[in-house]
Amino acid sequence: MERKKVIIVKDVYKTYHETKVPVKALRGVSIDIHQGEFTAIVGPSGSGKTTLLNLIGGLDRPTKGSIVVGDTDIATLSDNQLIDFRKEHIGFVFQSYNLIPVLTAKENVEFVMLLQKQPKAKRDARTAELMAAVGLADRMDNRPSELSGGQQQRVAVARALAPKPTFILADEPTANLDSKSTADLLDMMAKLNADEHITFVFSTHDQRVIDRARRIITIEDGKVLKDEWVQ
Amino acid sequence: MIAKIAWLNIWRSRTRSLVVISSIIIGIWSLVFLLAFMNGQVNNYISSIIENETSHIQIHTPQFKEDFEVDQLIPNADQLVAELGKSADIHAATGRILLNGMLSSSAAARGVMVKGIDLRLEQPVSHLQEKIISGQPIGSGRKNEIMLSQRMAEKLKVKLRSKVVLTFQNISSDITTAAFRVVGIYKTTSKRNDELYAFADIADLQRLAEMPQGSAHQIALLVNDFDATDTLAAEISNQHQLLKVETYKEISPDLELFNSQIKLNMIIMTTIFMLALIFGIINTMLMAVLERMKELGMLMAVGMNKLRVFFMVVLETLLIALIGAPIGMLLGYLTTQYLNETGIDLSTWSEALEEFGMANIIRPFVTADTFFIISIAVVITAVLASIYPAFKAIRLKPVQALRKI
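The structure presented is a predicted model; accordingly, all values stated were derived computationally and were not measured. (Residues numbered from 1 in each chain as written. Chains lettered and ligands numbered in written order. Predicted model: local features only at pLDDT ≥ 70, side-chain atom pairs only at ≥ 80, totals over all residues. Heavy atoms only, no water.)

Student: Describe the packing of aromatic side chains, listing the residues and the values that go with them.
Tutor: Within a pair of aromatic rings, the relevant descriptors are the distance that separates the centres and the angle that separates the planes. Under the definition given, this model contains eleven aromatic pairs over all chains. When the centroid spacing of 5.0 Å and the interplanar angle of 75° are considered together, the rings of A:Phe38 and A:Phe202 count as edge-to-face. Linking A:Phe38 in strand 3 (residues 38–42) with A:Phe202 in strand 8 (residues 199–204), this pair joins segments that are 164 residues apart in sequence. The exposure class assigned to A:Phe202 is buried, which follows from its relative accessible area of 0%. Aromatic side chains B:Phe226 and B:Tyr248 sit 5.3 Å apart centroid to centroid with 25° between the ring planes, which places their arrangement in the stacked category. Here B:Phe226, found in the loop between strand 9 (218–223) and helix 9 (229–239), pairs with B:Tyr248, found in helix 10 (residues 248–251); they are 22 residues apart in sequence, far enough to count as distant. Assessed through its relative accessible area of 35%, B:Phe226 is described here as partly exposed. A network of ring pairs unites the aromatic residues A:Phe38, A:Phe200 and A:Phe202 as a single cluster. If you follow A:Lys64 out to its NZ or CZ, it ends over the ring of A:Tyr13, 4.6 Å from the centre. Against the face of B:Tyr197 rests B:Lys115, its NZ or CZ located 4.1 Å from the ring centre. (Phe/Tyr/Trp six-rings, centres within 6.5 Å; stacked < 30°, edge-to-face > 60°. Helix = DSSP H or I, 4+ residues; strand = E, 2+ residues; numbered from the N terminus. Buried < 20%, exposed > 50% of the residue type's maximum accessible area, 1.4 Å probe, protein only. Lys NZ or Arg CZ within 6 Å of the ring centre and 35° of its normal.)

Below, the structure written as structure tokens:
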């Protein structure tokens, strides 16, 4: 049975005009991502992988082409609609964790659910469940500064999962982590992917991530160079 | 949660927040003190004029004020004074004879207005006895006693017990001369008044000017409720329609002008203080926003809408202002209370103050209105100061903000 497509990127172009010479970051990229994929977008610096991730995440708009997430062409949404869309459908994990430093781990995880106006009981239950899933049930009341890099990134994953998004976008999630933290984090994400069929899309240079991915999309000069499934 | 983040954000850069909070405290403290000082000045000026010159309400015949004719007497003024004095709204009432004349000593002569007073009734209105610096008040029972100001005594080159001669017109328009003995020297806060007035017993002037007993040119009233002066004057005027009843504001319109000028100054000063605060707060909040660009980008990336981001920055600014302002107001209040009790001695500038009829001691005070206005001004200032940093925050594109380290 064919799995459901959660992301359809069709003939997407992105040109930046921030410098005197326009920079063509993407030149006609088309990919489909299915429910439950564990996919790495790889490529050298400047190849366009982060640009592609930003476009899929609705953080930026394509110059040309369409990006459909679920049933919505996100390129047609207004800024405010995009914010609401991201809140409901997309989980983000950033390279430098980007937790809210003044809140505890629990509050960081709870934050997006608060924006969604979920009731407290539901928030508390989901936060406890996620903190346990990322192995930090005993660090709920610690602030980010009291956690290691690996632990912070786990909290970031829990935060990304909290609103039950359609997929998780992770931009270089292991770039600031040591080997053990990287392995632990990847184990945890692979387990969530296997057990709960959560879709993960990574942009990465990290061979350790590439080794764990089941699909590797290689981008170079703004084009898809290779798209291979790994057994 | 947004309120909690806003509150905790303030303390992320504790030193910077404390610096801006301190500047708000010092600014509000100074503002409260300055406004209190100006209130004290206004009060000092108005109280001096009321005590030394206008009282709260004055009653004359309608023609008296036009040419100060000696025959423009309120008949049976003593009965009216007694009647008004019984009113629960009136603190004190007194009748006065006012005679323009020439006061001469062996060395000099001066134009003068002699006020004929009943010291027992006059005392609660003008507190004349407290202004005597040597000698004693008139009213010992001896005839033709006079009290001169220190300034007048110096001009006439007379001392206590000296004789002076008063030349004036009696009620029949005949020139009359009478010798008076100086029994008391006084000093008020008004240079102009001290150069113009002298005080004698009302009975002596009535007798010398051949006026009917109990008559007076002027009835002066002090009211119990300062704010009810206009209403009370209107009531008295209705009851005594043949007489002209005037409030201190009508007698001395410059008081109202002075009062409104000071109020305008207060508004200007408050505005200047708030403008100075605005730039300090904008600077701090702008720094707070710019150094959190990445975090703000993340908040927007995960679904915090622009309105919430805007509200969070406004709330942070408001909280900073609302920490500083009450402390500043409390310090301002305590300072004002202390200085109200001790008084601020401006005797170094007494010459200048006397020109304006003001006392040397200023007692600053603040009213609840002042605190209310400052509170509103602080909230408006904080909101205005937050608008630019808040706009800066919501204009961020998450994708650009997240790229920043």
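Having seen the model, we can carry on.
Student: Which residues make up the environment of B:Asp89, and what are the values?
Tutor: Residues and elements named next belong to chain B. Secondary-structure assignment places aspartate 89 in the loop between helix 4 (77–85) and strand 2 (90–104). As a C-alpha pair, aspartate 89 and leucine 222 span 133 residues in sequence and 9.0 Å in three-dimensional space. Setting aside chain neighbours within four positions, we find aspartate 89 in contact with Val223, Asn224 and Leu232. (Contact = heavy atoms within 4.5 Å.)

Student: Describe the pattern of salt bridges, naming the residues involved and giving the relevant values.
Tutor: Residue and element names in this part refer to chain A. The full count for this structure, using the stated rule, is 26 salt bridges over all chains. With a closest N to O distance of 3.5 Å, aspartate 60 and lysine 14 form a salt bridge. Of this pair, aspartate 60 sits in the loop between helix 1 (49–56) and strand 4 (64–69) while lysine 14 sits in strand 1 (residues 5–16); the two residues are 46 residues apart in sequence, bridging distant segments of the chain. On the basis of relative accessible area, lysine 14 is assigned to the buried category, the value being 10%. Several salt bridges share partner residues, and in doing so they unite Lys106, Glu110, Lys120, Arg123 and Asp124 into one network. (Salt bridge = Lys/Arg side-chain N within 4 Å of Asp/Glu carboxyl O.)

Student: Provide a residue-level description of the layout of surface pockets, including the pertinent values.
Tutor: Leftover empty space is mapped by rolling, across the atoms, a probe with the size of a water molecule. Residues and elements named next belong to chain B. Taken as a whole, the largest pocket encloses approximately 870 Å³ of empty space. Lining the largest pocket are 31 residues; nearest its centre among them are Asn39, Val42, Asn259, Lys263 and Phe365. Counting only elements with at least two residues in the lining of the largest pocket, the list comes to helix 2 (14–54), helix 9, helix 10, helix 11 (253–290) and helix 15 (368–394). Take the lining of the largest pocket: its biggest share by element is eight residues, from helix 2. Residues of the lining of the largest pocket, tallied by class, amount to 14 nonpolar, ten polar and seven charged. For the lining of the largest pocket, the domains that each give at least three residues are domain 1 (2–49 + 255–403) and domain 2 (62–242). (1 Å grid on protein atoms, 1.4 Å probe; cavity = no way out; pocket = protein on both sides within 12 Å on 5 of 7 lines; lining within 4 Å. Points joined across faces, edges and corners; volume = space filled by probe spheres on them. Nonpolar A, V, L, I, M, F, W, Y, C, P; charged D, E, K, R; others polar. Domains from an automatic or database assignment.)

Read these as geometric descriptors, not functional statements.
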